[in-house]
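Overview (structure and organization)
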Amino acid sequence: QQQVKQSPQSLIVQKGGISIINCAYENTAFDYFPWYQQFPGKGPALLIAIRPDVSEKKEGRFTISFNKSAKQFSLHIMDSQPGDSATYFCAASDGQNFVFGPGTRLSVLP
Amino acid sequence: EPEVTQTPSHQVTQMGQEVILRCVPISNHLYFYWYRQILGQKVEFLVSFYNNEISEKSEIFDDQFSVERPDGSNFTLKIRSTKLEDSAMYFCASSRRAGSYNEQFFGPGTRLTVL
């Protein structure tokens, strides 16, 4: 029940396209859903996060969509750029536990 | 901008040896964490630490592991007798508060290689 599922495992997008990564969870006690971006050789860095009292949060080209009833949330990267190429992890926290998804390797082609 | 730092960046050790991984969290943060990431796999929670004691730990964090805050700035992870399967990236993180919405800031990691 502590697991966070993430798909796809890898994603290739053309420059200017939209990248979409999906996550799903089971534990209804989770109430904080961050997305982390990780470049090779670096630690994960917080990209954007959402609380379950809103259905969408947008910061620049990055948008989280949240569906509480379906227990799903997704990251949308608009106008994807080669510099966005990285591994993206969704995560969920209930205040005690912090669980990461398995990650999505995004490659944005120039 | 304040950041979490970790040393060393890469540690190579023989199986059975003890290793200590060091972290300096962000100075006004009170909650500290260790995570592990085996190459190509997801980030896994090991332990959280607050007020000089462990708050939570995962099944991975067995008796071979220990954490310590020996002074006001360092936070260490000790692996007593390393195994081959301990080879991974180890990330330290810190946050100003616990609970939900606790943005955790990650360090750059220490790559541990056990031979």
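In the block above lies the structure referred to throughout.
Residues numbered from 1 in each chain as written. Chains lettered and ligands numbered in written order. Predicted model: local features only at pLDDT ≥ 70, side-chain atom pairs only at ≥ 80, totals over all residues. Heavy atoms only, no water.

Topic: the overall build of chain B
Our working rule: Per the convention used, a helix needs a DSSP run of H or I reaching at least four residues, while a strand needs a run of E reaching at least two, with both numbered from the N terminus. Just to be clear, the radius of gyration here is over C-alpha atoms, and the globule rule we use is 2.2 Å times residues to the power 0.38. Each residue gets one of three labels from its accessible area relative to the maximum for its type: buried under 20%, exposed over 50%, partly exposed in between, using a 1.4 Å probe on protein chains only. Contacts are residue-level and defined by heavy atoms, with any inter-residue pair within 4.5 Å sufficient. Working definition of accessibility: Shrake-Rupley area with a 1.4 Å probe, residue cover restricted to the visible protein chains. His is not counted, nor are the chain ends, whereas Lys and Arg count as positive and Asp and Glu as negative. Positions of charges follow a simple convention, taking NZ of Lys, CZ of Arg, CG of Asp or CD of Glu.
For chain B, the helix and strand inventory stands at 0 helices and 11 strands. The N-to-C order of helical and strand elements in chain B reads β-β-β-β-β-β-β-β-β-β-β. Relative to a compact globule of 115 residues, whose C-alpha radius of gyration would be 13 Å, chain B shows 13 Å and is just as compact. For the C-alpha atoms alone, the extent of chain B along its principal axes is close to 35 × 30 × 30 Å. Burial analysis of chain B (115 residues in total) assigns 43% to the buried set. Of the contacts formed within chain B by residues at least 6 apart in sequence, a portion of 54% connects residues at least 24 apart. In the form shown here, chain B has an accessible surface area of approximately 5,900 Å², with 45% of it arising from carbon and sulfur atoms. Where the 11 positive side-chain charges of chain B centre and where its 14 negative ones centre are 1 Å apart.

Some details on the interface of chain A and chain B
The condition that has to hold: Accessible area, probed at 1.4 Å, shrinks when two parts are joined; the buried area is that loss added up over both. Basic side-chain nitrogens of Lys or Arg form a salt bridge, by our definition, when they fall within 4 Å of a carboxyl oxygen of Asp or Glu. Polar contacts, as used here, are pairs of N or O atoms within 3.5 Å; protein pairs need one atom able to donate a hydrogen and one able to accept it. Residues neighboring in sequence count only if both atoms are side-chain atoms. Only Asp, Glu, Lys and Arg are considered charged, only Ala, Val, Leu, Ile, Met, Phe, Trp, Tyr, Cys and Pro nonpolar, and every remaining residue, Gly among them, polar.
If you look at the interface, chain A gives 20 residues, while chain B gives 17 residues. Roughly 1,600 Å² of surface becomes buried between chain A and chain B when both sides are summed, with 56% attributable to carbon and sulfur atoms. Along the contact surface separating chain A from chain B lie 0 salt bridges. Summed over the shared surface of chain A and chain B, the number is 2 residue pairs in polar contact (both at pLDDT 80 or more). The set of elements that each furnish at least two residues to the side of chain A that touches chain B consists of β4 (33-38), β9 (86-93) and β10 (98-100) of chain A. For the side of chain A that touches chain B, the class distribution of residues is 8 nonpolar, 8 polar and 4 charged.

Remarks on the state of the cysteines
What makes a disulfide is a covalent bond joining the sulfur atoms belonging to two cysteines. Let me state the cut-off plainly: Whenever a pair of cysteine sulfur atoms sits within 2.5 Å, that pair is classed as a disulfide.
This model, assessed by the stated rule, comprises 2 disulfides over all chains. Put simply, C23(A) and C90(A) are joined by a disulfide, and their sulfur atoms are 1.9 Å apart. Since a negative S-S torsion denotes a left-handed disulfide, the C23(A)-C90(A) link at about -95 degrees is left-handed. Placement of C23(A) in strand β3 (residues 19-25) and of C90(A) in strand β9 is noted, with a sequence separation of 67 residues between them. Taking relative accessible area as the criterion, C23(A) reaches 3% and is therefore assigned buried. Disulfide partner of C23(B): C92(B), at an S-S distance of 1.9 Å. Between C23(B) and C92(B), the disulfide has an S-S torsion of -60 degrees and is therefore left-handed. A residue pair is termed long-range when its members are at least 10 positions apart, and C23(B) in strand β3 (residues 19-24) and C92(B) in strand β9 (residues 88-95) qualify at 69 residues. In this structure, C23(B) and C92(B) share a single accessibility class: buried.

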